[in-house]
Amino acid sequence: MARKDGMVDESMLHGPSPKWRGGLPVLVLAASMAACDAGPTERPVPDVAFCQEVLPAVEAYVAQARTANPVPEDPRYGGTAVLGSIGELADGMNGAVSSAYSATQHQQFVNRMTLIDSDANLEPRPYLAERFEVAEDNTSVTFHLRRDVYWHDGEQTTAEDVAFTYETVTNPLTAFPNAAFWDRYVQGPEGVEVIDDFTVRIRMEPHAEFLDPFRSLGILPEHLLGDVPPQDLKQHPFGTQCPVGNGPFVFYSHAAQDRWVFEANPAFPEALGGRPFLDRYIYRVIPEQTTLLTELLTQNIDVYSGVAPDQAQRILDDPNSELIDFPARQYVFVGWNARRPQLEDPRVRRAIAMGTDRESIVEAILQGYGTVAHSSVPPFHWAFDEGRIQPIDYDPEGAAALLDEAGWTDRDGDGVRENAEGVPLSISVKYNQGNQQRQDIAEIMQFQLADIGVDVQPQVVEWATLLQDINTPDLRNFDGVVMGWVVEFKLDDMDLFHSDRIDQPFAWSGTRNPEIDRLLVELGTAVDRAVARELWAEYQNVVIEEQPYLFFYFPSRLVGVSSRMENVTMDQRGVWLNVKDWYIDPAAR
Amino acid sequence: MTQFVVRRLLGAVPLVLGIATIIFFLVNLAPGDPTLLLLSPGVTDEVIQQMRENFGLDQPVHIRYVKWVGAMLTGDFGYSFSHSRPVVDVLLDFLPNTLILSASALVVAFLFGIVLGTIQAVRQYSALDSSLSVVLLFFYSMPSFWLALMLILTMSLYARNVWGLPIYFPASGMTSTEYEFLSAAGRIADRVRHLVLPTLSLALVLMAGIARYMRGSMLEVVRQDFVRTAHAKGLPERTVVFKHALRNALLPIITLVGLYIPFLFSGTVFIETIFAWPGMGRLIVEAIFQRDYPVVMAGAFFFATMVVVANLVADLLYAVVDPRIRYE
């Protein structure tokens, strides 16, 4: 779902603009040379009023902070690490409107700070908030902020910033992409109370995993964005042209579809680890995976995020690179449109699940880097309990018998089953163009399901067109669709499976199941994880029975890392989890 | 001559406007919508409606068309949805990147194409001619993206990791990440290093075509009377080839230059993608996927204008190089 954003490539544009009309490369080179005489330390300033105001302040603050906080005498400090990935950081550092994984991660771990973060068991842990309390009746949470965190232009981060961020993301006009976060919070200004400069209270009704949103929500600077109408935030230069954060890395420059450059924040709080080891951290956009692999193997980049499964072996074979794999926060599935006569009977959907050998498909597509999914609960999650669910296993004979029972038999001997009205059991499965794994799924299903008399027609559709086909409530122009879904640690299937939302864009399956409805509501309010675990087990079994989706797999995220990089930790919390602690082997710098 | 130029320019106006109209309706009537890409759970219909309003998509197509044409005539191409910036600024960022790459590719392609074609014509049917033909046909038949991947494999990965050569080339980007810290000379060297592989991928294919044209054109010229006369009056071979034949043989090549001018601006999606070159081709294709209508329309309009202008320039160049051609 990546969206792209742009900013001036300063190295190209600061020269007098007509020079490139010379057309000869030498002239163009000369023009760009003239542009760069300013030297490496002064950050480029885009030609936008907001940026011209804030970036000089950032420049001054960083210079002052450098003097006040000299780099510690430790060989681990210094150097530039480069991470390459396939797409832009969509909407950049603009946390009010961005939802793409990489962009959100940069807001959390690189450029800004979240109120809390989480340990490896996904238990919340203080971060920008040095402590927090939950009211006994679970109707509010109070955050006590650190007093040593400053925005990169020198302003202190205070409770006002938290209140502003909260009001902004709960304001419908902002169109915050994870609005479901706030379903059971008191939204808008009534929901948040500034108690003093460093204490802020947020109100809610008791519900499950209510702290999770604050783990991923980077706080925004009120003093810079407070005057911007929420509906204009998306277009604001803060996102991609001159973001000002308060995290371990200061924004330096961004060239659209090329690179983001960040530099160490010398004044990052000592108690949180202080200044990052790296001098600079650079995010490069390299849209072709073969090129990314080459750049890693030739050590032009230090980290390659998003390695394709079939590239993993090359990295494992390379003496100078390592491969990290960890669970991605997403799953891939085939969503059924149960409004279609072929698919309205849950027995048919179950038979399709029995007739599809998911184990072998997943092994073939992911080469072991992923696990078969039976529901939306990922294996790394605390609610996951393999022993408590009854998955549907591969059983083509059982599938055939179930279809017979449901009234679908091959009445005209053409190899495809029909029902009593003569409707053939023929299903088109759409997938988006350019996604090989989803294409493989659709094609292997076609092959395997032909054996039990189900005719599957894979159909490739361009991404934006596909979204229109499946998301438009009165269109729903699909039988089946191969899709991916990104989850937070707070799992919530309301939008997918609750019958109240059946006219909403994401009710792809259109199934109605009172048991699912009841469990989703109970899950939403279960504050205690022990209680929730029971409910999740029950819920998963009902979903497996109902089969609104044929769940396929939870992929691993593969990251190639140069062996000169030290202290790199990645897990389900993200690729950039401890970027401030990465350092470069001094001998290989 | 002036009259001819004015007439052609006036003729170009309805042509460009017509192209703009077709582009507008093609883009706007395609299925999908930028707000759909932003849709996530919990975002209400009112919010989507508000976004459509912000993007100006709430109005009927014909009203949008009139507004777009009106704004365009004043040089205002609107606001990019995905870049959150004025479209003109976005285009001006990407255009120089594309110019650097395609200009160097064209220079290399024409330079070597003309030289190789001339050599082949002068030594027609020699072993050199035949072997060059084989090599050139090979490059001519290769898709440039395949060539690009092979160049990365050999001149980047193998050169460095397998053969351990002292010179190898970076596989992506326009500059290295230390660019800001380099001296002036270092920066030029850095840019040239980054240019080598994408330039070769584009230039080798183009060069092969140009060399074939050049060979044919040259062969035609060397058979003409004035060349025979030059030989007969005892001029040295070098003078005959370079002074008499080559200059006349270059005439049809000028048409090719005209045809390639739009390519200077449009960039190439495959090469820009493979080498992570932030150029116009990638910009436009990404914009299409994002349904970033203003960028797509402005980009397509710009290319269309370039084609019209390039054709005019090529026509004028004829008159410059060939005194027999006169436009009345």
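The structure presented is a predicted model; accordingly, all values stated were derived computationally and were not measured.

*Asks:* Could you clarify how one ought to interpret a negative patch on the surface in this entry?
*Replies:* Residues and elements named next belong to chain A. On the surface, a cluster of negative charge is contributed by E160, E167, E190, D196, D197, E222 and D227. Within the secondary structure, E167 sits in helix α5 (residues 159-170). We classify E167 as partly exposed; its relative accessible area is 32%.

*Asks:* Would you take a moment to explain the sheet that holds strand β4 (residues 129-134) of chain A for this structure?
*Replies:* Adjacent strands of a sheet form backbone hydrogen bonds with each other and so pair up, either parallel or antiparallel. Residue and element names in this part refer to chain A. Judged by pairing direction, the sheet is antiparallel, and its four strands sit side by side in the order β4-β5-β7-β6 without closing on themselves. Each having just a single partner strand, β4 and β6 (192-196) make up the two edges of the open sheet. Taken pair by pair, the neighbouring strands of this sheet meet at an average axis angle of 20°, ignoring direction.

*Asks:* Would you mind going over helix α17 (residues 529-546) of chain A with me for this structure?
*Replies:* Count 3.6 residues to each turn of an α-helix, and residues three or four apart come out pointing the same way. Residue and element names in this part refer to chain A. For α17, which comprises 18 residues, the first-to-last C-alpha distance of 25 Å matches the rise-based estimate of 26 Å (1.5 Å per residue) to within 8%. The complete set of buried residues in α17 reads R529, A532, L535, W536, A537, Y539, Q540, N541, V542, V543, I544 and E546. Where α17 terminates, the next one or two residues include Q547, which has phi positive at roughly 50°.

*Asks:* Which parts of the structure should I look at to understand unusual backbone geometry?
*Replies:* If a residue is not glycine, its phi is most likely negative; likewise, a peptide bond is most likely trans. Residues and elements named next belong to chain A. Despite not being glycine, D91 shows a phi value in the positive range, around 60°. Phi angles above zero are rare outside glycine, and N567 is one such case at about 65°. Looking at the element boundaries, N567 is found in the loop between β19 (565-566) and β20 (583-584).

*Asks:* Looking at this structure, I do not really get the interface of chain A and chain B. What am I missing?
*Replies:* Accessible area lost during the coming together of the parts is what is often quoted as the interface size. On the side of chain B, 67 residues touch chain A, which itself brings 70 residues to the contact. Linking B:E180 and A:R280 is a salt bridge whose minimum nitrogen-to-oxygen distance equals 3.7 Å. Inspection of the chain A/chain B interface yields 13 residue pairs in polar contact (both at pLDDT 80 or more). Looking at the side of chain A that touches chain B, the elements with two or more residues in it are α1 (10-13), α2 (25-35), β10 (280-285), α8 (289-297) and α14 (463-471) of chain A.

*Asks:* Looking at this structure, I do not really get the pairing of strand β13 (residues 330-336) of chain A. What am I missing?
*Replies:* Each regular strand displays side chains that alternate between the two surfaces of the sheet. Residue and element names in this part refer to chain A. When you tally the buried positions in β13, you get six out of seven residues, the bulk of the element. Where β13 and strand β17 (residues 480-486) come together, seven bridges link them in antiparallel fashion. The residue bridging V332 from the neighbouring strand is G484, located in β17. Both β13 and strand β18 (residues 549-562) contribute to a ladder of four bridges, which runs antiparallel. Across the sheet, residue F333 finds its bridge partner in β18, namely F551.

Parameters at a glance
- Residues numbered from 1 in each chain as written.
- Chains lettered and ligands numbered in written order.
- Predicted model: local features only at pLDDT ≥ 70, side-chain atom pairs only at ≥ 80, totals over all residues.
- Heavy atoms only, no water.
- Patch = residues over 30% accessible without salt bridge, like charges linked within 9 Å, V, L, I, M, F, W, Y side chains within 5 Å.
- Areas by Shrake-Rupley, 256 points an atom, 1.4 Å probe, with all protein chains shown as cover.
- Salt bridge = Lys/Arg side-chain N within 4 Å of Asp/Glu carboxyl O.
- Lys, Arg positive; Asp, Glu negative; His and termini not counted.
- Charge placed at Lys NZ, Arg CZ, Asp CG, Glu CD.
- Helix = DSSP H or I, 4+ residues; strand = E, 2+ residues; numbered from the N terminus.
- Buried < 20%, exposed > 50% of the residue type's maximum accessible area, 1.4 Å probe, protein only.
- Pairing = 2+ DSSP bridges.
- Axes fitted to C-alpha atoms, helices over the stretch in contact; angles between N-to-C directions.
- Expected span 1.5 Å × (residues − 1).
- Contact = heavy atoms within 4.5 Å.
- Polar contact = N/O pair within 3.5 Å; in protein donor to acceptor, adjacent residues only side chain to side chain.

Purely spatial values, then, with no claim about function.
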